[in-house]
Structures are given as structure tokens and as C-alpha cells.
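# Observations on the three-dimensional arrangement
The residues making up each chain are set out below.
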Amino acid sequence: MKTVFSDRFICVCSKKNPYLKTKQTTEDYLSRKHLQIEVPPGVFAPVDQHLQSKRRRRDVSLRIGNFLTPPAILANSDFLLTCPLSLGENYREMYPLTITELPFWLPSIDTKMAWHGKDDADLFHIWLRDCVAQIDRAN
């Protein structure tokens, strides 16, 4: 298994979201309604794991089981979405959204590439793994 890339978490919301007029403290963040992408369903998000460790929780008012509809919902609501920066940047290209830093630290999320050990020396697999690794270096 190899880490292909790491991504940090950020907050995404409409450019008109009242959250942007606050100091964007942890209390401001927790007092808002949140949209959560749940793929797979029932997943316990890293942000919620972090908050639980601090005996805090956020109000997840809407749970979505896909990656396509959240930006449209965010653009037309006051929800906040906590997601990886790369996803937030894609959403921002599609809709009038803003990306802000989280008011607390979260560990980065790693995307890993895995393969069966029998393929370690397979020339095609070696080539393919190198291609995937180069994609990350190009970004």
C-alpha cells in the first residue's frame, strides 16, 4: 500500500452564508447547520471523530449519499460542509462558494493505493502504480 496524496480539511459554504460575517471560531462553526456527505452511508466523519474526542458535536441537519448534489445545496442555503480541500475547490469552480479554514486542526486525509502482494513485481502493475504516483506529483 502506498499513499498517493494527502489532503487537508476545510469548510465550504455559500458566499452569502452568515457564518462568513462571524469571527469563525469553533463556537461559530458549531452553532451552524451542517451538510454531511455520507459515502458509504453511516460513515463517522473525521470531523465528528475529532469533535467527539473534545466532547463537542455539530448539528448535521442534512446527510447526502453522493458527491454531486452538495455544491448546489450549499449555494442555495446556509449549510456548512467540511470536506477535503480538493473537493471544495471543485465545488467552488461550479458554484459561487467560499472556502474557509476550519477553526480547529484536523489531521489530513490520505488517499492510498493498494494492490495484492502477488502483483508487487508485475511489470504492468509497477507501470500503473508509477503513473498514478506521477499524477499526484503533477498537481
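Now for a quick tour of the structure. These figures come from a predicted structure and were not determined experimentally. (Residues numbered from 1 in each chain as written. Predicted model: local features only at pLDDT ≥ 70, side-chain atom pairs only at ≥ 80, totals over all residues. Heavy atoms only, no water.)

## Concerning helix α2 (residues 46-53)
What counts here: Buried residues are those whose accessible area, probed at 1.4 Å on protein chains only, stays under 20% of the maximum for their type, while exposed residues exceed 50% and partly exposed ones sit between those limits. In this description a helix means any DSSP run of H or I spanning at least four residues, a strand means any run of E spanning at least two, and both kinds are numbered starting from the N terminus. Arc definition: directions from the helix axis to the C-beta atoms. Should any heavy atoms of two residues lie within 4.5 Å, those residues are counted as being in contact.
By the burial criterion, the buried members of α2 are V47, D48, H50 and L51. Buried residues in α2, looked at end-on, bunch into an arc of 160°, giving them a common side. Facing away from the buried side of α2 by more than 90 degrees, the exposed set consists of Q52 and S53. In this structure, the buried residues of α2 make contact with α1 (26-30), β3 (33-37) and β5 (80-84). Trailing α2 by a residue or two, R55 shows a phi angle of about 60°, which is positive.

## Re the side chain of D119
The topology assignment puts D119 in the loop between β7 (109-113) and α5 (123-138). Excluding residues that lie within four positions of it along the chain, D119 makes contacts with H125 and R129.

## Some points on the pattern of salt bridges
Basically, it comes down to this: For this analysis, a salt bridge means a side-chain nitrogen from Lys or Arg found within 4 Å of a carboxyl oxygen belonging to Asp or Glu.
The final tally for this structure, using the stated rule, is six salt bridges. Where E38 meets R63, a salt bridge forms, and the shortest distance between an N and an O atom there is 2.6 Å. Highlighted residues: E38 in the loop between β3 and α2 and R63 in strand β4 (residues 59-64), separated in sequence by 25 residues. With a shortest N-O distance of 2.7 Å, R58 and D48 are connected by a salt bridge. Here D48 lies in helix α2 and R58 lies in the loop between α2 and β4, a separation of 10 residues in the sequence. D48 shares its class with R58; the two are buried.

## Some points on the layout of surface pockets
Cut-off, in case you're wondering: Buriedness of a pocket was judged along seven lines, with at least five required to meet protein on both sides within 12 Å; pockets are open sets of points on a 1 Å grid over the protein atoms alone, cavities are sets where a 1.4 Å probe fits but cannot get out, and lining residues have an atom within 4 Å of a point. Grid points are joined across faces, edges and corners, and a volume is the space filled by probe spheres set on the points. For this classification, Asp, Glu, Lys and Arg are treated as charged, while Ala, Val, Leu, Ile, Met, Phe, Trp, Tyr, Cys and Pro are nonpolar and the rest, including Gly, are polar.
Roughly 280 Å³ of internal volume is contained in the largest pocket. Lining the largest pocket are 15 residues, with F9, Q36, I37, P46 and P84 positioned closest to its centre. Elements with a minimum of two residues in the lining of the largest pocket: β3, α2 and β5. If you tally residues by element for the lining of the largest pocket, the top one is β5, at four residues. Class assignment of the residues belonging to the lining of the largest pocket gives a composition of 13 nonpolar, two polar and no charged. Computed from the structure, the second largest pocket encloses a volume of approximately 180 Å³. In terms of lining residues, the second largest pocket is bounded by 14 residues, among which F44, D48, R58, V60 and R63 are the most central. Among the secondary structure elements, those contributing two or more residues to the lining of the second largest pocket are α2 and β4. Class assignment for the residues of the lining of the second largest pocket results in five nonpolar, two polar and seven charged.

## Let's talk about a nonpolar patch on the surface
Definition in use: Only residues whose relative accessible area exceeds 30% and that form no salt bridge are eligible for patches; like-charged ones are grouped when within 9 Å, while nonpolar side chains (Val, Leu, Ile, Met, Phe, Trp, Tyr) are grouped when within 5 Å. In short, Shrake-Rupley with a 1.4 Å probe defines the accessible areas, and a residue's cover is counted only from the protein chains shown.
A cluster of nonpolar side chains, namely F124, W127 and L128, defines an oily patch on the protein surface of about 340 Å² accessible area. Note on placement: F124 falls in helix α5.

## A few points about the packing of aromatic side chains
Heads up, the rule is: Centres within 6.5 Å make a pair out of two Phe, Tyr or Trp rings, where for Trp the six-membered ring is used; the pair is then stacked when the planes are under 30 degrees apart, edge-to-face when over 60, and tilted otherwise.
Summed over all chains, the structure comprises two aromatic pairs. An angle of 85° between the planes, with centres 5.2 Å apart, marks the rings of Y29 and F104 as edge-to-face. In this pair, Y29 is assigned in helix α1 and F104 in the loop between β6 (97-100) and β7, connecting sequence segments 75 residues apart. Using a relative accessible area of 15% as the deciding quantity, one classes F104 as buried. On the basis of an interplanar angle of 35° and a centroid distance of 5.7 Å, the ring pair of F124 and W127 is categorised as tilted.

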